Amino acid sequence: MGEVDLAAAAPEASAASVPSFSVGQVACLLTYLWALALYFYALLLHSRRPKTLPKVHISDAHLEKERAIAAAAAEAAPLVNGSSSSDGGAAAKPKGFFEDMGSSGLIQCVLMNQQALMDNKDTLLAIVEFGTIMLWFFLADRTDVLPASDKAYDRDLFLFIFLVLTIVAFSTSLQPVRTPLVLNRPQTEEWKGWMQVLFLLYHYFEAKEAYNAIRIFIAGYVWMTGFGNFSYYYRTGDFGIGRFCQMMWRLNFMVFFCCVVLQNEYMLYYICPMHTLFTVMVYAALALAPQLNKSHPWLWIKIAGCFLTVLIFWDIKAVFMAVWRPFDWFMGYTDPRNPEVDRMHEWFFRSSLDRYIWVYGMVCAMLHPMACKFLTSVDELPSPRRWTVRAAIVACTVAVFAVYYKSVYVLPKLEYNVLHPYTSWIPLTCWMIVRNLTPQLRTWSMRLYGWLGCITLETYLSQFHIWLRSSVPNGQPKYLLAIVPGYPLLNFAICTALYVFVSHRLFLVTNALKDAVVPHDNNRTLLRNIILMGVMMAACTAMGFFGHTLAYALS
Ligand SMILES: *[C@@H]1O[C@H](CO)[C@@H](O)[C@H](O)[C@H]1NC(C)=O
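Keep in mind it's a predicted model, so treat the numbers as computed, not measured.

The rules behind each value
- Residues numbered from 1 in each chain as written.
- Predicted model: local features only at pLDDT ≥ 70, side-chain atom pairs only at ≥ 80, totals over all residues.
- Heavy atoms only, no water.
- Helix = DSSP H or I, 4+ residues; strand = E, 2+ residues; numbered from the N terminus.
- Buried < 20%, exposed > 50% of the residue type's maximum accessible area, 1.4 Å probe, protein only.
- Contact = heavy atoms within 4.5 Å.
- Patch = residues over 30% accessible without salt bridge, like charges linked within 9 Å, V, L, I, M, F, W, Y side chains within 5 Å.
- Areas by Shrake-Rupley, 256 points an atom, 1.4 Å probe, with all protein chains shown as cover.
- Salt bridge = Lys/Arg side-chain N within 4 Å of Asp/Glu carboxyl O.
- Near = heavy atom within 4 Å.
- Polar contact = N/O pair within 3.5 Å; in protein donor to acceptor, adjacent residues only side chain to side chain.
- Lys, Arg positive; Asp, Glu negative; His and termini not counted.
- Core = buried A, V, L, I, M, F, W, Y, C linked by side-chain atoms within 4.5 Å.
- Phe/Tyr/Trp six-rings, centres within 6.5 Å; stacked < 30°, edge-to-face > 60°.
- Lys NZ or Arg CZ within 6 Å of the ring centre and 35° of its normal.
- Arc of directions from axis to C-beta.
- Axes fitted to C-alpha atoms, helices over the stretch in contact; angles between N-to-C directions.
- Parallel < 35°, antiparallel > 145°, perpendicular 65-115°, else oblique.
- Left-handed = near helix turned anticlockwise from the far one by under 90°.
- Nonpolar A, V, L, I, M, F, W, Y, C, P; charged D, E, K, R; others polar.

Novice: Before we move on, can you summarise the overall build of the protein chain with the specific residues and values?
Specialist: Secondary structure summary: the protein chain contains 27 helices and five strands in total. Split into buried and exposed, the 555 residues of the protein chain put 49% on the buried side. Across the protein chain, the fraction of contacts at a sequence separation of at least 24, relative to all contacts at a separation of at least 6, is 81%.

The structure is reproduced here in structure tokens:
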């Protein structure tokens, strides 16, 4: 059907033929241009630099290790001293907090310290790349530079694409893992990968008939959040605030800028708040009274406590609303196409669907050693008995799945959703059993899907804007981006290639910036950087505010 009349879809957008920009958008644009200028200046400095100059590292990530060098540099370089004296008397004390602030790569770059600019060239490039991608998001989704097209579902095509990809993955990217543990990392990544492909294709083609399956996949991700995080904290006891902040960065850095640049509410990307909350809850369950984690009975009590918490805070809807209503500005969501729906509905609905499955993930992590032991004991049985036991396990699994399928899976969407929170663990468990039954199955996984499984967050966020199109603030992605209008398949291939490439770049950039800003194990630097980020954000917002006011005064 081709191009879509966007004005008809969203009447409020039609008035703004000249789009009106928010303060946040202006702030982002100005910051981007600023970073761009700094980067090119750094490149220029770099090309002119005599090769023999000693390299002074002021990069945030390496601050602690290189503290001595940095301190020496602070004494040697007049620019650094100049910067701390600009803070006035407060910075006069040696090795004080403000000196720490002044030595940050960020501040030094803002002050145009030439050495710092050259040393942090890569971080500047990461910022520039991120900004460029955000600009692409905006151009692709919020302007008419490229047209939008309608979605069309064709089951044959949907399955064809998935099958071809799987055949390619199977025939070119099978790889073994050295210790074939049950649910090993490459295997769970592969699992995430193929679920994500189906989840995305479901959006692209609007494959309504796959609704229930997609709900199970989302439950699968949330299950992994509980399973992965519990295993990690249980095994390592690493409750360091640095690592925790790194995880929060990874989950929320990009979505924050998507919200600002595209004027969306956080809940449009409901996967992010959901995973963030459940990750925090797993962390809290284990980090509170960590000495109890050594005792299994206590761990089971903690897990029971999680179940009880969910029961109180979700199953009693009034409690949920009382807790979250005050955060309406943050967790509320209004779909411009259904403005009359309660703003808390989306958050309640989405988080309720998977409210128990992360706790089940923790249960599975607890039972993991037992499952491993059991399966190895089966592997060691003599041949005929081994296969009999395996056949019996498969038969039981298939029987359970068949009952589940007939009584739950085939239900229509709304009836299915009622049962989903209590039943999603059944198909997930069936899959885990079948996938891990023999050592060969555990050993091999498809790296192509594993690779896609690593960038699920980025593909999830990017799809809204540079693969599909939401077209208006807070809009669900109802359209497709059309780079080659009139050629749906060609367009699919080109858009997909670009979109996956960009998602992978975003994954790398998010991690690079995370390493530059959030130190893993230096809480002092972490605190400093958090404060600096707050200051930077305030400064950029102020800049955006002035830019915004000026632009509208002139127009
Ligand atoms: C914890 O869960 C979050 C959200 O799913 C994920 O990004 C992170 O990698 C998990 N951590 C571990 C150690 O598995």
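Novice: Describe in detail a nonpolar patch on the surface, supporting the description with residues and values.
Specialist: Residues Leu308, Leu311, Ile312, Phe313, Ile316 and Val323 make up a contiguous nonpolar surface patch of about 480 Å² in total accessible area. Here the nonpolar patch gets four residues from one element, more than from any other, and that element is helix H15 (residues 296-315). Looking at the element boundaries, Phe313 is found in helix H15. Of the residues examined, Phe313 reaches a relative accessible area of 35% and is grouped as partly exposed.

Novice: Can you explain the site of the ligand? Please cite residues and give values.
Specialist: Every residue near the ligand is listed here: Thr225, Gly228, Asn229, Tyr232, Arg243, Met247, Leu251, His275 and Thr279. Asn229 has a polar side-chain atom sitting 2.3 Å from an oxygen atom of the ligand. Here an oxygen atom of the ligand sits 3.2 Å away from a polar atom, N or O, in the side chain of His275. About the coverage of the ligand: the protein hides 75% of its 360 Å² of free accessible area. Elements supplying a minimum of two residues to the shell around the ligand: helix H12 (211-236), helix H13 (241-262) and helix H14 (271-287). If one sorts the elements of the shell around the ligand by residue count, H12 sits on top with four residues.

Novice: So what about the side chain of Lys121? Which residues, and what values?
Specialist: Counting through the fold element by element, Lys121 comes out in helix H9 (residues 121-142). For the buried Lys121, no salt bridge is present, and the opposite-charge side chain at shortest range is Asp122, 4.2 Å distant. Filtering out sequence-adjacent residues up to four positions away, Lys121 remains in contact with Tyr39, Ala42, Leu43 and His46.

Novice: Account for the environment of Lys514, naming residues and giving values.
Specialist: Among the structural elements, Lys514 can be located in helix H26 (residues 488-517). Taking the relative accessible area as the measure of exposure, Lys514 reaches 14% and is therefore buried. Separated by 269 residues in sequence, Lys514 and Cys245 place their C-alpha atoms 9.3 Å apart. For Lys514, the contacting residues outside a window of four places in its chain are Gln246 and Trp249.

Novice: Describe the pattern of salt bridges, and please don't skip the residues or the numbers.
Specialist: Applying the stated criterion across every chain, the model contains 15 salt bridges. When the shortest N-O distance is used, the salt bridge between Arg250 and Glu458 registers 2.8 Å. With Arg250 in helix H13 and Glu458 in helix H25 (residues 456-466), this residue pair connects regions lying 208 residues apart in the sequence. Where Arg343 meets Asp328, a salt bridge forms, and the shortest distance between an N and an O atom there is 2.9 Å. Separated by 15 residues along the polypeptide, Arg343 in the loop between helix H17 (328-331) and helix H18 (345-353) and Asp328 in helix H17 bring together distant segments of the chain. Sharing partners across several salt bridges, the network here consists of Glu265, Asp328 and Arg343.

Novice: Residues and numbers for the nonpolar core, please.
Specialist: One finds Phe137, Trp223, Tyr269 and Trp358 to be the most contacted residues of the largest nonpolar core, which totals 133 residues. Apart from residues lying up to four places away in sequence, Trp358 is in contact with Val222, Gly226, Phe278, Met281, Val282, Cys306 and Val310.

Novice: Explain the packing of aromatic side chains to me, using residue names and the numbers behind them.
Specialist: Considering all chains together, one arrives at 47 aromatic pairs under this definition. Taken together, Phe278, Trp314, Phe320, Trp324, Phe327, Trp347, Phe348 and Trp358 form an aromatic cluster joined through their ring pairs. A cation sits over an aromatic face here: Arg350 above Tyr270, 4.0 Å from the ring centre.

Novice: Outline the environment of Gly193, listing residues and values.
Specialist: Position of Gly193 among the secondary structure elements: in helix H11 (residues 185-205). In this structure, the C-alpha to C-alpha distance between Gly193 and Ile455, residues 262 residues apart in sequence, is 8.4 Å. Gly193 has contacts with Tyr449, Leu452 and Gly453, leaving out every residue within four places of it along the chain.

Novice: Now, about helix H24 (residues 447-454): what can you tell me, with residues and values included?
Specialist: Listing the buried residues of H24 in full gives Tyr449, Gly450, Leu452 and Gly453. Here the buried residues of H24 occupy an arc of 165° about the axis, which is enough to place them on one side.

Novice: Could you give me a rundown of the packing of H9 against H13, with the residues and numbers involved?
Specialist: Between H9 and H13, the least distance of the axes is 10 Å, while the angle of their chain directions is 45°. Considered as vectors, H9 and H13 are oriented oblique to each other. When you trace H9 past H13, the crossing you get is right-handed. Only Phe253, Met254, Phe257, Cys258, Val261 and Leu262 of H13 make contact with H9, whose side of the interface consists of Phe130, Met134, Phe137, Phe138 and Arg142. Split by residue class, the contact of H9 with H13 holds ten nonpolar, no polar and one charged.

Purely geometric numbers; function is a separate question.
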